[in-house]
Amino acid sequence: MERADFLVIGSGLAGLTFALEVAKHGRVIVLTKSHITDSNTNWAQGGIAAAVGESDSWTLHEQDTLTAGAGLCDPAAVQFLVKNAPEAIDWLTSLGARFDVTGSNELDLGREGGHSRHRIVHHADKTGWEVERTVSAAVRKNPNITVFENTFVTKLLVDNNRCLGVSAIVNDLGARNFFARATILATGGCGQIYSTTTNPKVATGDGFALAQDAGAELKNLEFQQFHPTTLVHPQLPGFLITEAMRGAGATLRNHRGRRFMYDHDSRLELAPRDIVARAIQKEIQRLSTWCVYLDATHIPAELLQREFPTIWEKLRTVRIEIEKDWIPISPAQHYACGGVTTDLDAKTNIPGLYASGEVTSTGVHGANRLASNSLLEAIVFSRSAALVAVDEADLPSGLPEAVHIPQSIPEAEAIRVRHAVQHLMSQHVGVFRTTKGLQIASEQIRETAEEVASMPRTSFSTYAQEAENIVNVSRLVADAAAARTENIGLHFNEDFA
Ligand SMILES: Cc1cc2nc3c(=O)[nH]c(=O)nc-3n(C[C@H](O)[C@H](O)[C@H](O)COP(=O)(O)OP(=O)(O)OC[C@H]3O[C@@H](n4cnc5c(N)ncnc54)[C@H](O)[C@@H]3O)c2cc1C
């Protein structure tokens, strides 16, 4: 048994922000299922939204966020987010994060779709890498924080309606219980429930499954954001081409060279993500192709190389030279807008359990997330969680000693169900949905879940446990989508159009 004051599940920006803040008040344990930097955070490209420019204000940022959210945002949560944004940037900078600046040493602010001002604070096109580098280095240096890598959390321990901690499989040590007076779920997204996603392999939706199993409330899971411009290439599946490239002037063309966004929205390539993703998907269907193209060839090569060094280099590894070649792209799952319901203090409905980052539904995204608001959300809500979590009461005496030792379905079965469900999700719960398709997805995923429940069990396997989580979370998402009877934001049922 391990015991600390604060327990953090996940080592992305949400988890490590919380860890750094509460470490001023007690001992912290961070559990993470892979290497510390293995997270969605590490892959973020575009940046962090904050109204810090001269012609900007938090009210404009607020308005843009509410507009993107299509009427389903919680206005108080949005206001809390945008008002705290400049301070979140200062906090990261104070830890050593380096953001791009202009010649006069002002923050060099980028612009992305849905934003009425230049307000994206960034580090070239690898902002997430810089942010994760900063917070993980600070965590490593902090004597009050212990990080357990390769540690897979399998259960939230809830007793008498209070979260006491978690059970986990620690790679070298086996099953262990971890207890703390406050636990935060910061396990990120669930992109791996789809066949194509921009998310890394760790994003299997474990946190959504853990929360549901523990009785935490979840909401808005039908709102899955599909990034419009994801590379279509077998050697780099799901590699994201940041929206900032469209912000810098890149255009969308079909294979005949036509700029089809003229048919869809007056804001053209800088329309909100859901509109651009639907336009691309329609064009792909109309022409029976598998991709359309992002054309950056008219942008000076020197600017492309300076502003988008990651994309410039990565695409060269598959022989695409972005200053000369059109980039083949299509939409792919990118971000979960819904999740565990939390309040402004990141509290869930289970006392002692907090949640922050992509696993949550704080109310700031509503039916659609505004670009670059999620790294911001992770910092703002983890910092507010820390302010109240330090006052959590001590743990009761007589903590449960029995360790939950999970058993897994056979790996061969896990591979099969994982791919079957991912395929169903991509086919029926993607950018476009239909009533019939959602019914098929819901029913077949339910049948798969029942099949999984009756399978023989063997020793624990991370891969197989993730497959089970993928099945369970897919079911939640498909059911939520089937239950939504209007088209709003990211949810688009063609039968209601
Ligand atoms: C390619 C890409 C580009 C993006 N670009 C931007 C951008 O420019 N701006 C922006 O605001 N957002 C962007 N996003 C979204 C943003 O990166 C994420 O929403 C955000 O980083 C989520 O942070 P998090 O801390 O909640 O989760 P993550 O950073 O994903 O961290 C989750 C952590 O939980 C761990 N974990 C998961 N399950 C378990 C388990 N069972 N046991 C133990 N540990 C577990 C993971 O290993 C990981 O360490 C992008 C996302 C991607 C994928």
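Worth saying up front: this structure is predicted, and the values here are computed from it rather than measured. (Residues numbered from 1 in each chain as written. Predicted model: local features only at pLDDT ≥ 70, side-chain atom pairs only at ≥ 80, totals over all residues. Heavy atoms only, no water.)

## Here's the deal with the pairing of strand β14 (residues 292–295)
In step 1: Inspection of the sheet shows strand β13 (residues 251–253) paired to β14 by three bridges, in the antiparallel sense. Counterpart to R253 in the pairing with β14 is Y293.
In step 2: Both β14 and strand β15 (residues 327–336) contribute to a ladder of three bridges, which runs antiparallel. When the bridges of β15 are listed, V292 appears paired with I329. (Pairing = 2+ DSSP bridges. Helix = DSSP H or I, 4+ residues; strand = E, 2+ residues; numbered from the N terminus.)

## Some words on the domain arrangement of the chain
Where interface size is quoted, it is often the accessible area lost as the parts come together.
In step 1: Domain annotation of the chain identifies domain 1 (1–223 + 337–405), domain 2 (227–332) and domain 3 (411–496).
In step 2: Summarising the inter-unit geometry, the C-alpha centres of domain 2 and domain 3 are found 28 Å apart.
In step 3: In this assembly, domain 2 packs against domain 3 so that about 540 Å² is buried in total across both faces, 68% of it on carbon and sulfur atoms.
In step 4: Its largest share of buried area at the contact with domain 3, domain 2 owes to D274, R278 and K282, together 72% of the area lost on that side. (Domains from an automatic or database assignment. Buried area = accessible area lost by both parts, 1.4 Å probe.)

## Thoughts on the sheet that holds β15
In step 1: The four strands lie next to each other as β12-β15-β14-β13, forming an open sheet whose pairing is antiparallel. The open sheet has two edge strands, β12 (224–231) and β13, and neither has a second partner. On average, adjacent strands in this sheet sit at an angle of 45° to one another, irrespective of strand direction. (Axes fitted to C-alpha atoms, helices over the stretch in contact; angles between N-to-C directions.)

## Some points on the nonpolar core
In step 1: With 56 residues, the main nonpolar core has L31, F178, L185, M425 and V429 as its most contacted residues.
In step 2: Here this core takes eight residues from helix α14 (residues 462–483), the largest share from any one element.
In step 3: Leaving out residues up to four positions away in the same chain, M425 has contacts with I193, Y194, G430, I445, S474, V477 and A478.
In step 4: Listed in part, the 51 residues of the second largest apolar core include V22, I48, C73 and V147. (Core = buried A, V, L, I, M, F, W, Y, C linked by side-chain atoms within 4.5 Å. Buried < 20%, exposed > 50% of the residue type's maximum accessible area, 1.4 Å probe, protein only. Contact = heavy atoms within 4.5 Å.)

## Concerning the packing of aromatic side chains
In step 1: Under the criterion given, the structure shown has seven aromatic pairs.
In step 2: Where F148 meets F178, the ring centres are 5.1 Å apart and the plane angle is 80°; that geometry is what we call edge-to-face. One end of the pair, F148, is in strand β6 (residues 145–148); the other, F178, is in strand β9 (residues 174–179), with 30 residues separating them in the sequence.
In step 3: Both rings, one in Y194 and one in F226, keep their centres 5.3 Å apart while their planes meet at 85°; by these two values the pair is edge-to-face. Of the two residues, Y194 sits in the loop between β10 (182–185) and α6 (206–214) while F226 sits in strand β12, which places them 32 residues apart along the sequence. Each member of the pair, Y194 as well as F226, carries the same accessibility label: buried.
In step 4: Over the face of the ring belonging to F432 we find K282, whose NZ or CZ atom lies 4.4 Å from the ring centre.
In step 5: Residue placement shows R369 over the ring face of Y335; its charged tip is 4.2 Å from the ring centre. (Phe/Tyr/Trp six-rings, centres within 6.5 Å; stacked < 30°, edge-to-face > 60°. Lys NZ or Arg CZ within 6 Å of the ring centre and 35° of its normal.)

## Regarding a nonpolar patch on the surface
In step 1: A cluster of nonpolar residues, V52, V101 and L107, forms a patch on the protein surface that exposes about 200 Å² of accessible area.
In step 2: Mapped onto the fold, V52 is located in the loop between β4 (48–49) and α2 (58–68).
In step 3: Among the residues examined, V52 registers a relative accessible area of 34% and is labelled partly exposed. (Patch = residues over 30% accessible without salt bridge, like charges linked within 9 Å, V, L, I, M, F, W, Y side chains within 5 Å. Areas by Shrake-Rupley, 256 points an atom, 1.4 Å probe, with all protein chains shown as cover. Salt bridge = Lys/Arg side-chain N within 4 Å of Asp/Glu carboxyl O.)

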